[in-house]
Amino acid sequence: MSSTTAHSALSTRTLNLRAALIERIGGYMIAHSIGVAAELGLADLIGTGSRHCGELAAETQTHEPSLRRLLRLLVAGGIVAEPEPGRFALTDIGSQLRADSPDSLKNFARMFCDPLFFTSWQGLHHTISSGERAFDHTYGTGVYDYLGRHPETSMLFNEAMSEESRHAAEHIASGYDFPETGTVVDLGGGDGTLLTAILRDRPGLRGIVFDSASGVAEAPATLSKAGLTDRCEAQAGDFFRSVPGDGDIYLIKSVFQDWGDEESRAILRTCRAHMPGSATLLIVATVLPETADTSAPVMFLTDVNMMVTTGGRERTESEFRAMLEETGFTVRSVGDRDAGPLSIIQAVPTAAA
C-alpha cells in the first residue's frame, strides 16, 4: 500500500470516527425531534401511506418549510422515509409512533422527550458531582411527588409505562409457568397491563394490582375492558409499609430500578414480612452484565436515567442475589439475559427454601 493510499485510508477512518461521535453528541436533537413529532401526531397523520409535507403542515397548523426540515432530520434518524421530494412515509421504527399501532410508543416518546426530563438531564453534572438526584435539584421535589401533584403529567406517565410494558407483559405471561389457580399480587402494577396478560388465559387464577393511588388510578378501566373485574382488584397502598398478605405469587416488574439499595431492601423486607412462607417472589428486571458492553445500550441509558430522575439504578445478577439474601430470600433461578431485555428472577422466603 502506498503512503498516499494509507494516508487516505487513515483520513477516511478519522472522518468516520468523528462523524460517529458527532452523531452521538447530537442524539438529544433526534430525541427532541421525535418528541415534537409525537406531540404533533405526525405518525397518525401519515398512517400506512405517504403524505406531502404541505398537507401535514396544514393539518398540524405548522410552518411548512420548518416542518419539512424536521421531517428530513427524522429521515436521517430512521423514523420516516422520503420516497420522493416533499413526501414522507413511516419506517417500521417510526410506525411505533402511531397511536393505533399495537406496538405504539407514542406516549412513551411524549413523556421521555418532554422538557420535564430533558431539564433533569441538564443536571447530570450535579448528580455526578454530588450523588444527588438532578430531578430533585431542578424541581425541588421527587419525581413521584411531582407526578402526584400534576394529574395530567401523571396520566401521561402511566400511559407511557403501559406502552412500554405491553410487549414485556406478553413475554412474561408466556415465558413463566404461572399456576392455573391461586392469587398473583402485582406490586407496583400500574394500570394492570401486565396482570391482565397473565390472567387472560388462566381463568382459575386471581389477581391484585397494587400501587400508589396515582399509579393504580387507571387499573380499574384496564381490568374492566379485559373482563377481569370479577377475579382481579386494584388496591392503592404503599409497599414500604405493607403489601397484600394473601398472595401465592408476588410479582415486581421494573420497580427496583426506581430506587436505591436502601429503599429496595426496605421493599423486600416489607414483602418478606407480609407474604406467606409458601409464596414465590418474581422480580422482572433488567440484569446488567457484570462488565459493561455494547450489546444493549438501552440498559445503561435506563440506569443513568434512573440515577438522574429517581435515584434508582439497574443491577447485576450478583447485586440482585446479595440484596435478596440480605432481606430473607433465597434465589431459585435467574432468567437468561440473552433471552430479552428483561429477566425473571425467582426467589422464595429463606425459611421455605
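Model, not experiment: these values are computed from the prediction.

Draft legend 1. Main features of the sheet that holds strand E5 (residues 205-211). Here seven strands make up an open sheet; going across it, the order is E6-E5-E4-E7-E8-E12-E11 and the pairing mixed. At either end of the open sheet lies a strand with only one pairing partner, and these are strand E6 (232-236) and strand E11 (329-334). Strand after strand, the sheet turns through a mean of 20° between neighbouring axes, direction not considered. Bridging between strand E8 (residues 280-285) and strand E12 (residues 343-349) involves five bridges; their strand directions are antiparallel.

Draft legend 2. Seen up close, the sheet that holds strand E1 (residues 50-52). Read from one edge of the open sheet, three strands run E1-E3-E2, paired in antiparallel fashion. The sheet terminates laterally at E1 and strand E2 (80-84), the two strands that pair on one side only. Direction aside, neighbouring strands of the sheet carry axes that sit 35° apart on average. Judged from the three bridges that link them, E1 and strand E3 (residues 87-90) form a sheet pairing that is antiparallel. Counterpart to histidine 52 in the pairing with E3 is arginine 87. Its contacts with the sheet put helix H4 (residues 53-60) on E1 and E3, and the angle it makes with E1 is roughly 80°.

Draft legend 3. A look at empty space enclosed by the protein. Summed over all chains, the structure comprises two cavities of 30 Å³ or more. If you trace the largest cavity, you find it lined by Ala37, Ala38, Leu42, Ala43, Ile46, Leu71, Leu74, Ile79, Val80, Leu90, Gly94 and Leu97. Mapped onto the lining of the largest cavity, the elements with two or more residues apiece are helix H2 (27-40), helix H3 (42-46) and helix H5 (64-76). Residue contributions to the lining of the largest cavity peak at three residues, all from H3. The residue inventory of the lining of the largest cavity, partitioned by class, reads 11 nonpolar, one polar and no charged. Considered as a void within the structure, the second largest cavity measures approximately 40 Å³ in volume. Of the residues belonging to the lining of the second largest cavity, the class tally is five nonpolar, two polar and three charged.

Draft legend 4. Layout of helix H11 (residues 151-175). Taking 1.5 Å of rise per residue, 25 residues should cover 36 Å, and H11 covers 34 Å from first to last C-alpha, within 8% of that figure. Taken as a whole, H11 carries its principal kink of about 40° at arginine 166. Each element contacted by the buried residues of H11 is listed here: helix H6 (106-112), helix H10 (143-149), helix H12 (193-200), strand E7 (249-253), E8 and E12.

What counts, and at which threshold
Residues numbered from 1 in each chain as written. Predicted model: local features only at pLDDT ≥ 70, side-chain atom pairs only at ≥ 80, totals over all residues. Heavy atoms only, no water. Pairing = 2+ DSSP bridges. Helix = DSSP H or I, 4+ residues; strand = E, 2+ residues; numbered from the N terminus. Axes fitted to C-alpha atoms, helices over the stretch in contact; angles between N-to-C directions. Contact = heavy atoms within 4.5 Å. 1 Å grid on protein atoms, 1.4 Å probe; cavity = no way out; pocket = protein on both sides within 12 Å on 5 of 7 lines; lining within 4 Å. Points joined across faces, edges and corners; volume = space filled by probe spheres on them. Nonpolar A, V, L, I, M, F, W, Y, C, P; charged D, E, K, R; others polar. Expected span 1.5 Å × (residues − 1). Bend = angle between axes of the 7 residues up to and from the residue.

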